[in-house]
Amino acid sequence: MKVENPVVWFEIYVDDLQRAKVFYETVFHTELTELVNPADDSAIKMLSFPGNMETKGRASGALVKMEGVQAGRNSTIVYFSSHDCRVEEDRVAGAGGKVVRSKISIGEYGFISLVADTEGNMIGIHSMD
């Protein structure tokens, strides 16, 4: 196996696209843009995070067993990068989400916060500080 990060794309499924858009734009101070569906399927609506599809392998991942986090039921967690995950964590409640696990140390790998978005999806925020 190449030593290259394998993740090139992620999708977070939501029930209310506008509500979720406000949550992510508020918490991460970013702008999501409508992504044209190449299949022209009106049943699918997408809003894209900023990114460069020409740059691949910028995300990595791991298989994790964690007390309180049940496998199955779409148990993959996407981690968003941050300078200090406490900053984004502090915006979560005001954006309609919930802090599941406040900032904790993961040793030499930095810190994480686990939060739930407005749709009930758990996401992670990672920082080295």
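Residues numbered from 1 in each chain as written. Predicted model: local features only at pLDDT ≥ 70, side-chain atom pairs only at ≥ 80, totals over all residues. Heavy atoms only, no water.

Student: Quick one: what's the story with the pairing of strand β6 (residues 122–127), residue by residue and with numbers?
Tutor: In this structure, strand β3 (residues 79–81) lies alongside β6, joined through three bridges in parallel fashion. When the bridges of β6 are listed, S81 appears paired with H126. Across six bridges, the pairing between strand β5 (residues 111–116) and β6 is antiparallel. Its bridge partner being in β6, A116 is matched across the sheet by M122. (Pairing = 2+ DSSP bridges. Helix = DSSP H or I, 4+ residues; strand = E, 2+ residues; numbered from the N terminus.)

Student: Account for the sheet that holds β6, with residues named and values stated.
Tutor: Read across the sheet, four strands follow the order β3-β6-β5-β4 without closing on themselves; strand pairing throughout is mixed. Looking at which strands have only one partner, the edges of the open sheet turn out to be β3 and β4 (98–105). Ignoring strand direction, the axes of neighbouring strands in this sheet form an average angle of 20°. Running at roughly 15° to β6, helix α1 (residues 17–28) makes contact with β3, β5 and β6 of the sheet. Sitting on the sheet, helix α2 (residues 85–92) is in contact with β4, β5 and β6, with an inclination near 165° to β4. (Axes fitted to C-alpha atoms, helices over the stretch in contact; angles between N-to-C directions. Contact = heavy atoms within 4.5 Å.)

Student: How would you sum up the packing of aromatic side chains? Please name residues and give values.
Tutor: Per the stated rule, a full pass over the model turns up eight aromatic pairs. Relative to F49, the ring of F10 has its centre 5.7 Å away and its plane inclined at 45°; by these criteria the two rings are tilted. One end of the pair, F10, is in the segment before α1; the other, F49, is in the loop between β2 (47–48) and β3, with 39 residues separating them in the sequence. With relative accessibility at 33%, the residue F10 sits in the partly exposed group. On the basis of relative accessible area, F49 is assigned to the partly exposed category, the value being 23%. Between Y24 and F80 the ring centres are 6.0 Å apart and the planes differ by 40°, which places this aromatic pair in the tilted class. Here F80 lies in strand β3 and Y24 lies in helix α1, a separation of 56 residues in the sequence. (Phe/Tyr/Trp six-rings, centres within 6.5 Å; stacked < 30°, edge-to-face > 60°. Buried < 20%, exposed > 50% of the residue type's maximum accessible area, 1.4 Å probe, protein only.)

Student: I'd like a rundown of the confidence of the model for the protein chain, residues and numbers included.
Tutor: Close reading of the predicted structure is inappropriate where its pLDDT is low. On average, residues of the protein chain score 87 in pLDDT, and 95% of them are at 70 or above. The spread of mean pLDDT over the elements of the protein chain runs between strand β1 (residues 33–34), the lowest at 89, and α2, the highest at 98. (pLDDT = per-residue confidence, 0-100.)

Student: Describe α1, naming the residues involved and giving the relevant values.
Tutor: Taking 1.5 Å of rise per residue, 12 residues should cover 16 Å, and α1 covers 16 Å from first to last C-alpha, within 8% of that figure. The set of residues buried in α1 consists of A20, K21, F23, Y24, E25, V27 and F28. Here the buried face of α1 lies against β2, β3, α2, β5 and β6. Taking the backbone nitrogen of Q18 as reference, a side-chain oxygen 3.3 Å away marks D16 as the first, capping residue of α1. (Expected span 1.5 Å × (residues − 1). Polar contact = N/O pair within 3.5 Å; in protein donor to acceptor, adjacent residues only side chain to side chain.)

Student: Can you tell me about α2, naming the residues and giving the values?
Tutor: Burial in α2 covers these residues: C85, E88, E89 and V92. Buried positions in α2, seen along its axis, are confined to an arc of 105° and lie on one side of it. (Arc of directions from axis to C-beta.)

Student: Please set out the nonpolar core residue by residue, giving values where relevant.
Tutor: Core analysis: the biggest nonpolar cluster contains 14 residues, and F23, Y24, V27, F28, F80 and I123 have the highest contact counts within it. For this core, the elements supplying multiple residues, two or more each, are α1, α2 and β6. (Core = buried A, V, L, I, M, F, W, Y, C linked by side-chain atoms within 4.5 Å.)

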